[in-house]
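# Examination of the molecular architecture
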Amino acid sequence: MSDCIFCKIASGDIPAKKAFEDDDMVVFHDINPVAPVHLLAIPKRHIASLADARPEDALVMGKLLQTGARLAVEHGCTDGFRTLVNTGRVGRQEVYHLHIHFVGGPDVLPPMLKR
Ligand code: AMP
Ligand code: ZN
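Attention in this report is confined to the structure presented alongside it. This structure is a prediction, so every number in the text was calculated from the model and none was measured.

Here the focus is the sheet that holds strand E2 (residues 25-29). Overall, antiparallel pairing links the five strands, which are arranged E1-E2-E3-E5-E4 in an open sheet. Edge positions in the sheet fall to strand E1 (18-21) and strand E4 (82-84), since each has one partner strand and no second. Within this sheet the neighbouring strands show an average axis-to-axis angle of 15°, counted without direction. The strands that helix H2 (residues 58-74) touches are E1, E2, strand E3 (37-43), E4 and strand E5 (100-104); relative to E5, the one it contacts most, it runs at about 20°.

As structure tokens, then:
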């Protein structure tokens, strides 16, 4: 996807503070963090959203979770963190390239949603 900002981060065409990269995926720091640690894990292949993932994407999606969790701990989230995927209009997804947020830091996070 030529106009996708996360494809451009994956290819290196635009800079990001990368924490991990291999053939399938990248983990980088969110440019507008909501907590001391805010990492995004993305597949290199363009998948528009979680709702667009196909059975053949399951392996890389597992890698995103496992590697992102390892990096969250390595970046200081030793006592836990929050993992979030916003999907589509209702989920208030802003960037339409599948990404998993890993959010944490020393303090307990606020409740996920207000009741
Ligand atoms: P979402 O609402 O789940 O689509 O979140 C998109 C996230 O991407 C937001 O937290 C943004 O701060 C983040 N973001 C957007 N552009 C960049 C960028 N160039 N580098 C790093 N993070 C970005
Ligand atoms: Zn993309």
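Next up on the list: H2. Over its 17 residues, H2 extends 24 Å from the first C-alpha to the last, a length consistent with the 24 Å expected when each residue adds 1.5 Å. Buried within H2 are the following residues: Val-60, Leu-64, Thr-67, Gly-68, Leu-71 and Ala-72. Along the axis of H2, the buried positions cluster into a sector of 140°, meaning they face one direction only. Exposed positions of H2 whose direction lies more than 90 degrees from the buried face are Leu-59 and Gln-66.

All right, on to the nonpolar core then. Counting residues in each nonpolar core, the largest one holds 11 residues, listed as Met-25, Val-27, Val-37, Leu-39, Ala-41, Leu-64, Leu-71, Ala-72, Cys-77, Ile-100 and Phe-102. Mapped onto this core, the elements with two or more residues apiece are E2, E3, H2 and E5. The contacts of Leu-71, once residues within four sequence positions are left out, are Ala-19, Phe-20, Val-27 and Leu-39. Core analysis: the next-biggest nonpolar cluster, separate from the first, contains nine residues, Cys-7, Ala-10, Val-26 and Ile-42 among them.

By the definition in use, this model includes two aromatic pairs. Seen in terms of ring centroids, Phe-6 and Phe-28 are 5.3 Å apart; in terms of plane orientation they differ by 80°. Their pairing is edge-to-face. Remark: Phe-28 occurs in strand E2 and Phe-6 occurs in helix H1 (residues 5-11); sequence separation between them is 22 residues. Overall, the relative accessible area of 7% leaves Phe-6 in the buried class. Exposure remark for Phe-28: the relative accessible area of 3% places this residue in the buried category.

Parameters at a glance
- Residues numbered from 1 in each chain as written.
- Chains lettered and ligands numbered in written order.
- Predicted model: local features only at pLDDT ≥ 70, side-chain atom pairs only at ≥ 80, totals over all residues.
- Heavy atoms only, no water.
- Pairing = 2+ DSSP bridges.
- Helix = DSSP H or I, 4+ residues; strand = E, 2+ residues; numbered from the N terminus.
- Axes fitted to C-alpha atoms, helices over the stretch in contact; angles between N-to-C directions.
- Contact = heavy atoms within 4.5 Å.
- Expected span 1.5 Å × (residues − 1).
- Buried < 20%, exposed > 50% of the residue type's maximum accessible area, 1.4 Å probe, protein only.
- Arc of directions from axis to C-beta.
- Core = buried A, V, L, I, M, F, W, Y, C linked by side-chain atoms within 4.5 Å.
- Phe/Tyr/Trp six-rings, centres within 6.5 Å; stacked < 30°, edge-to-face > 60°.

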